[in-house]
Amino acid sequence: MDEWGKRIMRMILAKRPPLPYWAQILIPFIAIVVSLCLSSIPIIYAKGDLFKSYFYLFYGALGTRYNFLETCVKSSPLIFTGLAVAFAFRAKFWNIGAEGQLLAGAIVATWIGINVPEMPKFAALALIISAGFVAGGLWALIPALLKTKLKVDDVVSSLLLNYVMWHIMGALLFGPLQQPGSSWPRSPSISELAKYPMLLARSRFHLGIVMAVVAIAIIWFINEKTVLGYRIKSIGANLKAAGFGGIPTTSVIIKTAMISGGLAALAGVGEVCAIHYHLLMDVSPGYGYSGIIIAMLGRLHPLGVGLSAFFFSMIIVGAQTMSRMTGVPVYIADVIQGMSLLIMLVAQLFTEYKIKVISK
Amino acid sequence: MGSLFDQIFQMSFIIGLLSAMFRMATPIIFGTLGEIITERSGVLNLGIEGIMLISAMFGFLATLTTGSQWFGVLIAILVGVIFALMMAFLVVYLGLSQHVSGLGVTLFATGLAMFVYRHAVGSPTIPPIVQPFKPFPIPYLSDIPFFGQILFNQYALVYVSWALIPIMWIFLYKTRYGLALRVVGENPMAADTVGINVNLTRTLALVVGGALMGVGGAFLTLAHQNMFLIDVVGGRGWVCIAMVIFGNWDPIRGSLGALLFGFIDAFQLRLQSSGFAIPFHLFLVLPYVITIIALIGVARKSSAPAGLLKPYRREEKGG
């Protein structure tokens, strides 16, 4: 034993028996409460009044009918990107490319939305939604093929492809998709046919929100009730063992990636067809990256993704009111998001391990 | 079109291009070297993108308030170290997933950088600027025709990055400490058996790596540009991760990859300003696409440190 070890107490992590189910569910909530408390540090740093800040954070998100419905509106893209990341992560396919896949969906939706010929509205919407889904799926196919066929790391390739798609969008918005006569990078408005119907009066509560909830149910069904869901889970647990067990791992990973990319793309379709009605460089304020946080907080479970997407939507929507009323920069929402992910990781660790103090 | 090709064969064009290549490669070299030393100890630091951004931001603010660029670099190093320690806490001492922790550090650092910047400068219509580093021509050498202009009329930090390449190589392959670091990265249990402190080694590697990433970030706001923009790093951190793989975890080959990236980046900038009839965003794609192609080229041959991504918990053996 070294001298140092004799004199001090050491803390080590020791495995603990699995916690009951309710404790597992509690963990994300604890992580959220802790990160909300810790966010008081940046609020104080920005000289915001604490009570007023938290009040307006929640009031801005839930305080009025309109605010509450805005929070629902914001959760739609977050649910899609969260589901996209969670679905891929279950197979340990590290799709960090939801941002680029979202943009792929937005670009295709815009292009069809501008050029859609006269046809029934539901046909136009079905066309746009399915084309957007396919576009995102194909963009996600690239890192999946690179990983399975050429052994290129999926984290790096999917991340770099985000920047590629962003610049492709820039090229289109300064080129063929640019609004005639405009010097700004924005597209012409999409046709009325391509716009998502609004479902509630005096709000922006649109079709995409219902679609997101349906997507939660579908992904739950795929995960729990289908062969694909079972195979994805096996691959996530142990890729080699799954392969030896007769699961066609390459084709499952490719399917996973395409569904994941398609889901992310639907976030982009919704932003174009229900919010902006045209394409612009700021179409996504990082929804694809928020999806990673939402997926982890939701513990990769579709229902958990729905809940955590709603929570982060509250933070993003509420932060705007808070910023207006207290002067705390609106980026507090990004700080809280990043913090929540880190705290969630630590909290999760303590479901499996406990700190043991050994004195010598 | 013809005028572009005329331009390419002009001496001033070549000098400008190659000199810009070394300049554009510098933040990538710092980041790549930082990531190599980290990964050689068995830790993947995906926090690099966020660490470079927040160091760039704090370095910029420090220079904005004091007027001293070197003080800005110092602050950037300090910030890089702090976030590397955060990474060390998560993945070395708690043994959490290196993928998710790194992304978490990047997202947290990015949010914090934007938050602090906005609070510090408000929302002025014209973003504040600093007096950036001036080029530091090396006496006599910079007078050499052609090569002097390209190699020896650069910022001081560019020479520092060049010096670090052989230093890192000698450290890794020719010193006891480098050997210890590599053993920790390849086989932490064996390292532990011969008395090397695995966790401390990994923490120190992260800290040195974080400091280098910090300098890379500071270079972007204090030399490459003179202001802080949200997308000032713009994926360069991820490019560094790619260059580590491309360079097969070797400082010299990784830096050559960084130079390749710098060349493409400098070239696309010149194509943009040459008034080509193609939207310049298509040229902006080039560095990222070529990085991916480079990865494809080496993917089957590359061999990561065997202990990469694996947390080491000595106590786990007994159950």
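Residues numbered from 1 in each chain as written. Chains lettered and ligands numbered in written order. Predicted model: local features only at pLDDT ≥ 70, side-chain atom pairs only at ≥ 80, totals over all residues.

Let us now look at the overall build of chain A. Along the backbone of chain A there are 15 helices and 2 strands. For chain A, whose C-alpha radius of gyration is 22 Å, the value lies close to the compact-globule estimate of 21 Å for 360 residues. If you line up chain A on its principal axes, its C-alpha atoms span 80 × 60 × 35 Å. For chain A, with 360 residues in total, the buried portion stands at 51%. Across chain A, the fraction of contacts at a sequence separation of at least 24, relative to all contacts at a separation of at least 6, is 78%. (Helix = DSSP H or I, 4+ residues; strand = E, 2+ residues; numbered from the N terminus. Rg over C-alpha atoms; globule rule 2.2 N^0.38 Å. Buried ≥ 20, exposed ≤ 12 C-beta atoms within 10 Å, placed from the backbone. Contact = placed C-beta atoms within 7 Å.)

The figure often quoted for interface size is the accessible area lost as the parts come together. In this assembly, 43 residues from chain A lie in contact with 38 residues from chain B. Among the secondary structure elements, those contributing two or more residues to the side of chain A that touches chain B are β1 (10-15), α7 (121-150), α8 (154-173), α13 (287-297) and α15 (332-352) of chain A. When the residues that make up the side of chain A that touches chain B are grouped by side-chain class, the tally is 33 nonpolar, 6 polar and 4 charged. (Nonpolar A, V, L, I, M, F, W, Y, C, P; charged D, E, K, R; others polar.)

The tendency in soluble globular proteins is for nonpolar side chains to be buried as a group. Ranked by size, the top nonpolar core spans 208 residues in total, and within it Phe80(A), Leu83(A), Ile54(B), Ala56(B), Met57(B), Val215(B) and Ala242(B) carry the most contacts. Sort the elements by how many residues they give to this core and helix α12 (residues 249-276) of chain A lands first, with 15 residues. The residues contacting Met57(B), other than those within four sequence positions of it, are Ala113(B), Val116(B), Tyr117(B) and Phe228(B). (Core = buried A, V, L, I, M, F, W, Y, C linked by C-beta atoms within 7 Å.)

Residue and element names in this part refer to chain A. Between α13 and helix α14 (residues 302-326), the least distance of the axes is 8 Å, while the angle of their chain directions is 130°. Here α13 lies oblique to α14, going by the angle between them. Considering the relative orientation of α13 and α14, their crossing is right-handed. In this structure, α13 uses Ser290, Ile293, Ile294, Ala295 and Leu297 to contact α14, whose residues at the interface are Val305, Ser308, Ala309 and Phe312. Here the contact of α13 with α14 is built from residues that sort into 7 nonpolar, 2 polar and no charged. (Axes fitted to C-alpha atoms, helices over the stretch in contact; angles between N-to-C directions. Parallel < 35°, antiparallel > 145°, perpendicular 65-115°, else oblique. Left-handed = near helix turned anticlockwise from the far one by under 90°.)

Residues and elements named next belong to chain A. Here helix α9 (residues 207-225) crosses α14 at 150°, and the two axes come no closer than 8 Å. In this view, α9 runs roughly antiparallel relative to α14, as classed from their interaxial angle. Contacts between α9 and α14 involve Ile216, Ile219, Trp220 and Asn223 from the first element and Pro302, Leu303, Val305 and Gly306 from the second. Of the residues contributing to the contact of α9 with α14, the split by class is 6 nonpolar, 2 polar and no charged.

Residue and element names in this part refer to chain B. Tracing the backbone shows Tyr93 in helix α4 (residues 69-93). According to the C-beta neighbour criterion, Tyr93 is partly exposed, with 15 such atoms within 10 Å. Excluding anything up to four places from it in sequence, Tyr93 contacts Ala88 and Asn199.

Moving on, we get to the environment of Ile75(B). All names here are of chain B. For Ile75, the position within the fold is in helix α4. In the structure, Ile75 is positioned 54 residues away from Ile129 in sequence and 17 Å away in space, judged by C-alpha atoms. Among all residues touching Ile75, those that are not within four sequence positions of it are Phe58, Gly59 and Ala62.

A few words on the confidence of the model for chain B. Residue-level pLDDT values for chain B average 90, and 94% of them are 70 or greater. Scoring of the predicted complex yields 0.92 for pTM and 0.91 for ipTM. (pLDDT = per-residue confidence, 0-100.)

So, about unusual backbone geometry. Of note in the backbone geometry, Lys92(A) takes a positive phi value of approximately 55° without being a glycine. Given 16 C-beta atoms within a 10 Å radius, Lys92(A) is considered partly exposed. Backbone geometry at Trp249(B) places phi at a positive 60°, although glycine is not the residue there. Inspection of the secondary structure assignment puts Trp249(B) in the loop between α11 (236-246) and α12 (251-273). Overall, the presence of 22 C-beta atoms within 10 Å leaves Trp249(B) in the buried class.

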